[in-house]
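Here are the chains, one letter per residue:
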Amino acid sequence: MKIARTFGFTALFCVCGFAGSALAQDHHNMQGMDMGNMGSMNIPMGGDVVKLGDLEISGGFAKAMLPGQPVGGGGFTVKNNGSADDHLVSVTSPMSGEVQIHEMAMQDNVMKMRQLKDGIVVPAGQTVELASGNLHLMFLQVKSPFKQGDKVPVTLTFEKAGKVDLVLNVLSAQGK
Ligand SMILES: [Cu+2]
């Protein structure tokens, strides 16, 4: 897998803190990401399991931020138990001016992250993990830096299933 081979590169830097050690340690998660049935051991410790229609959302987490750091990272896992695709359209949080959905991808041999302005598809019968670095949430204009043990409320909007509130548990800066 191309991404896995590039973990050591400094080009992996991502301002929301997903590059480097977290990616290197979790790259087995990324490799398993397109498999529909993730073992629970691969899901980071996080918030509760929330059900919304056919969707099951779990493992909500955010990373602790350094004082003065304006941008934070986080994620969750969403499983689509239904027979129709759904689509995560947007994420908002009262603790952040804007929440973007990001992906990291190789571009000209450099790992870059970009905003997925159209959100992401959650295919029928599959699990999508915004947690392992490839896909993640990025919190912009964070009002006060997330501290380990804090809770970050977010609202997810899905095209079919609608809106749901989720609480992200703030883990260490390494996402552990
Ligand atoms: Cu990012």
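The rules behind each value
Residues numbered from 1 in each chain as written. Predicted model: local features only at pLDDT ≥ 70, side-chain atom pairs only at ≥ 80, totals over all residues. Heavy atoms only, no water. Helix = DSSP H or I, 4+ residues; strand = E, 2+ residues; numbered from the N terminus. Buried < 20%, exposed > 50% of the residue type's maximum accessible area, 1.4 Å probe, protein only. Contact = heavy atoms within 4.5 Å. Areas by Shrake-Rupley, 256 points an atom, 1.4 Å probe, with all protein chains shown as cover. Pairing = 2+ DSSP bridges. Polar contact = N/O pair within 3.5 Å; in protein donor to acceptor, adjacent residues only side chain to side chain. Core = buried A, V, L, I, M, F, W, Y, C linked by side-chain atoms within 4.5 Å. Salt bridge = Lys/Arg side-chain N within 4 Å of Asp/Glu carboxyl O. pLDDT = per-residue confidence, 0-100.

## Remarks on the overall build of the chain
Within the chain one finds two helices and 11 strands. Each of the 176 residues in the chain was classed as buried or not, and the buried ones make up 48%. For the chain, contacts bridging at least 24 residues in sequence account for 68% of all contacts bridging at least 6. When the accessible surface of the chain is split by element, carbon and sulfur atoms take 54% of a total near 8600 Å².

## Side note on the pairing of strand 9 (residues 135-142)
Across the eight residues of strand 9, seven count as buried, placing the element largely inside the fold. Two elements, strand 3 (residues 72-80) and strand 9, share three bridges in a ladder whose sense is antiparallel. Within strand 9, the residue paired with Gly 74 across the bridge is Leu 137.

## Notes on the side chain of Asp 86
For Asp 86, the location among the structural elements is in strand 4 (residues 86-92). Side-chain polar atoms of Asp 86 contact the backbone nitrogen of Glu 159, separated by 3.3 Å. Setting aside anything within four residues of it in sequence, one finds Asp 86 in contact with Leu 55, Asn 80, Ile 120, Val 121, Val 122, Phe 158, Glu 159, Lys 160 and Ala 161.

## A short note on the nonpolar core
Judged by nonpolar contacts, the single largest core of 31 residues is most densely connected at Leu 156 and Phe 158. When residues no more than four places from it in sequence are discounted, the contact partners of Phe 158 are Leu 52, Leu 55, Ile 57, Val 78, Asp 86, His 87, Leu 88, Val 89, Val 122 and Val 164.

## Describing unusual backbone geometry
The backbone of Asp 108 sits at a positive phi, close to 50°, despite the residue not being glycine. Relative to the helices and strands, Asp 108 is located in the loop between strand 5 (96-107) and strand 6 (110-115). Here Asn 109, not a glycine, exhibits a phi torsion of approximately 65°, which is positive. Following the sequence through the fold, Asn 109 ends up in the loop between strand 5 and strand 6.

## Structural notes on the environment of Ser 144
Among the secondary structure elements, Ser 144 is positioned in the loop between strand 9 and strand 10 (151-158). A relative accessible area of 42% places Ser 144 in the partly exposed class. Between the C-alpha atoms of Ser 144 and Gln 69, which are 75 residues apart in sequence, the distance is 9.0 Å.

## Some details on the pattern of salt bridges
Under the criterion given, the structure shown has two salt bridges. Note that Lys 51 and Glu 56 form a salt bridge whose closest N and O atoms lie 3.6 Å from each other. Lys 51 sits in the exposed class, given a relative accessible area of 61%. Taking the relative accessible area as the measure of exposure, Glu 56 reaches 23% and is therefore partly exposed.

## Describing the environment of Gly 125
Along the chain, Gly 125 turns up in the loop between strand 7 (120-122) and strand 8 (127-130). Taking C-alpha positions, Gly 125 is 7.3 Å from Lys 79, a pair spaced 46 residues apart along the chain.

## What about the pairing of strand 3?
With respect to burial, strand 3 is a largely interior element, eight of its nine residues being buried. Examined bridge by bridge, strand 2 (residues 55-63) and strand 3 share six bridges and lie antiparallel to one another. In the strand pairing of strand 3, Glu 56 is matched with Lys 79. Note: strand 3 against strand 8, four bridges, orientation antiparallel. What sits directly across from Lys 79, in strand 8, is Thr 127.

## Topic: the confidence of the model for the chain
A residue-level look at the chain finds 72% of positions with pLDDT of 70 or above and a mean pLDDT of 79. Per-element confidence in the chain is highest for strand 4, whose mean pLDDT is 98, and lowest for helix 2 (residues 21-31), whose mean pLDDT is 35. Across residues 1-13 the pLDDT falls below 50, and counting only partners more than four positions away or on other chains, this stretch makes 24 contacts in the model. Here residues 19-44 is a poorly scored stretch, pLDDT under 50, and it has 54 contacts once near neighbours within four places are set aside; other chains count.

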